[in-house]
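Survey of secondary and tertiary structure
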Amino acid sequence: MKKLVKVVAAIIENEQQEILCALRSPEMSIPNMWEFPGGKVEANEDIFSALEREIDEELDCKVETFKEVFNDNTHEYDTFIINLISIKCRVVEGTPTSSEHSKLIWLKRENLNSLKWAPADVPAVEQLIQEK
C-alpha cells in the first residue's frame with residue numbers, strides 16, 4: 001500500500017494581488033514543476049502551525065494564515081499518495097527567499113496556468129483562477 005503524506009501548501013498573495021509560485025528543484029521529487037510552497041504536517045501539529053513553520057524554514061519569512069482551508073485535494077502519484085491542503089496566508093515579516101526551490105515568482109491569477117504545475121496543486125490553481 002502506498003504511503004499517504006499529509007502536506008500543507010501556502011497560497012501567499014501580495015499587495016499587487018500576485019500569488020507566490022515556487023519551482024521544485026531538480027533534486028526534489030516531482031522535479032522542475034511548480035507548486036505552492038509548504039511541507040509535511042508533523043505528528044501532533046495542526047495544519048496552520050505546520051504551514052507557518054514550513055514557510056519559516058523554506059522561505060525564511062513569517063506568514064499569518066487565514067484560519068480556513070482554501071482547497072483540500074488528495075492525489076495519487078506513482079510511489080505515494082498526497083493529501084494537499086492549501087491555505088491562504090500573507091507575509092507578516094521578511095521577504096520570501098528560496099532555499100530549497102530553484103525559483104520563486106509572483107504571478108497574477110490569470111497567468112497561473114502558464115506554468116507547469118505539480119498535479120496535486122492543479123485543483124487549487126484552478127480554484128484561484130476562477131476566484132477573481
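Report on the accompanying structure. Fair warning: this is a prediction, and the values are worked out from it, not measured in the lab. (Residues numbered from 1 in each chain as written. Predicted model: local features only at pLDDT ≥ 70, side-chain atom pairs only at ≥ 80, totals over all residues. Heavy atoms only, no water.)

Points about unusual backbone geometry
- Phi is positive for Asn 44, which is not a glycine, with a value near 60°.
- Take Asn 44: it is sitting in the loop between β4 (38-40) and α1 (47-59).
- In the Ramachandran plot, Asp 60 falls in the positive-phi region, its phi being about 55° despite a non-glycine side chain.
- Along the polypeptide, Asp 60 turns up in the loop between α1 and β5 (62-65). (Helix = DSSP H or I, 4+ residues; strand = E, 2+ residues; numbered from the N terminus.)

Comments concerning the pairing of strand β1 (residues 3-12)
- Of all ten residues making up β1, seven are buried, and the element is well covered by its neighbours.
- Pairing of β1 with strand β7 (residues 80-93), which is carried by ten bridges, proceeds in the parallel orientation. Across the sheet, the residue bridging to Ala 9 is Ser 86, located in β7. (Buried < 20%, exposed > 50% of the residue type's maximum accessible area, 1.4 Å probe, protein only. Pairing = 2+ DSSP bridges.)

Remarks on the side chain of Glu 18
- Locating Glu 18 in the fold gives a position in strand β2 (residues 18-23).
- Despite its burial, Glu 18 pairs with no opposite charge; the closest candidate is Lys 108, at 4.8 Å N-O.
- Setting aside its immediate chain neighbours within four residues, Glu 18 contacts Ile 12, Glu 13, Trp 106, Leu 107 and Lys 108. (Lys, Arg positive; Asp, Glu negative; His and termini not counted. Salt bridge = Lys/Arg side-chain N within 4 Å of Asp/Glu carboxyl O. Contact = heavy atoms within 4.5 Å.)

Topic: the nonpolar core
- Judged by nonpolar contacts, the single largest core of 24 residues is most densely connected at Ile 11, Cys 21, Phe 36, Ile 82, Leu 112, Trp 117 and Leu 128.
- Contributions of two or more residues to this core are made by β1, β2, β7 and α2 (122-131).
- The element best represented in this core is β1, accounting for four residues.
- If near-sequence neighbours (up to four positions away) are discounted, Ile 82 is found in contact with Leu 4, Val 5, Val 7, Asn 73, Thr 74, His 75, Tyr 77 and Ala 120.
- Grouped together as the second largest cluster of nonpolar side chains are 16 residues, Leu 20, Val 41, Phe 48 and Ala 50 included. (Core = buried A, V, L, I, M, F, W, Y, C linked by side-chain atoms within 4.5 Å.)

Some remarks on the packing of aromatic side chains
- Scanning the entire structure with this criterion turns up two aromatic pairs.
- Considering the side-chain rings of Phe 36 and Trp 117, the 4.8 Å spacing of their centres and the 40° angle between planes classify their relative orientation as tilted. Here the residue Phe 36 occupies a position in the loop between β3 (34-35) and β4, and Trp 117 occupies one in the loop between β8 (103-108) and α2, the gap between them amounting to 81 residues. (Phe/Tyr/Trp six-rings, centres within 6.5 Å; stacked < 30°, edge-to-face > 60°.)

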